[in-house]
Amino acid sequence: MSAHCQVTGRQPGFGKTVSHSHRRHSRRWNPNVQKKRFYLPSEGRTITLTVSTKGLKIIDRDGIESVVAAIRARGEKI
């Protein structure tokens with residue numbers, strides 16, 4: 001899968017890079033996504049999520065249990 005955050009849904013942004021002579025070339029801006037392992041105490045196991053740095057802040061704020069519940073409510077399999 002491409003650079004996609006499972007928590008926030010952030011994906012690469014597309015656009016053009018413009019040189020000094022004003023020639024344009026396609027490029028993409030990838031989000032800062034990392035694979036992280038989290039322990040789920042309710043299930044007694046660890047899960048691996050692909051999360052952006054903003055997603056990590058959301059997990060710190062809301063807790064891993066509520067974030068996983070939201071991901072599962074969207075229909076994603078973990």
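Residues numbered from 1 in each chain as written. Predicted model: local features only at pLDDT ≥ 70, side-chain atom pairs only at ≥ 80, totals over all residues. Heavy atoms only, no water.

> Hey, could you run me through the pairing of strand β3 (residues 33-40) in this one?
As a general feature of sheets, a regular strand has side chains that alternate between the two faces. Sheet topology places β3 next to strand β4 (residues 45-52); 8 bridges connect them, and they run antiparallel. Its bridge partner lying in β4, Q34 is registered against V51. Counting the residues between successive antiparallel strands, the hairpin from β3 to β4 contains 4 residues, one of them, G44, with a positive phi of roughly 70°. (Pairing = 2+ DSSP bridges. Helix = DSSP H or I, 4+ residues; strand = E, 2+ residues; numbered from the N terminus.)

> Would you take a moment to explain the pattern of salt bridges for this structure?
Two side chains that carry opposite charge are able to pair once their charged atoms sit near each other. Taken as a whole and assessed by the stated rule, the structure comprises 4 salt bridges. Between D62 and R61 there is a salt bridge, with the nearest N and O atoms lying 2.9 Å from each other. Looking at R61, the relative accessible area reads 62%, which means it is exposed. For R74, the salt bridge goes to E76, with nearest N and O atoms at 3.1 Å. Each of the salt bridges in this network shares a partner with another, and the network as a whole consists of E43, R45 and R72. (Salt bridge = Lys/Arg side-chain N within 4 Å of Asp/Glu carboxyl O. Buried < 20%, exposed > 50% of the residue type's maximum accessible area, 1.4 Å probe, protein only.)

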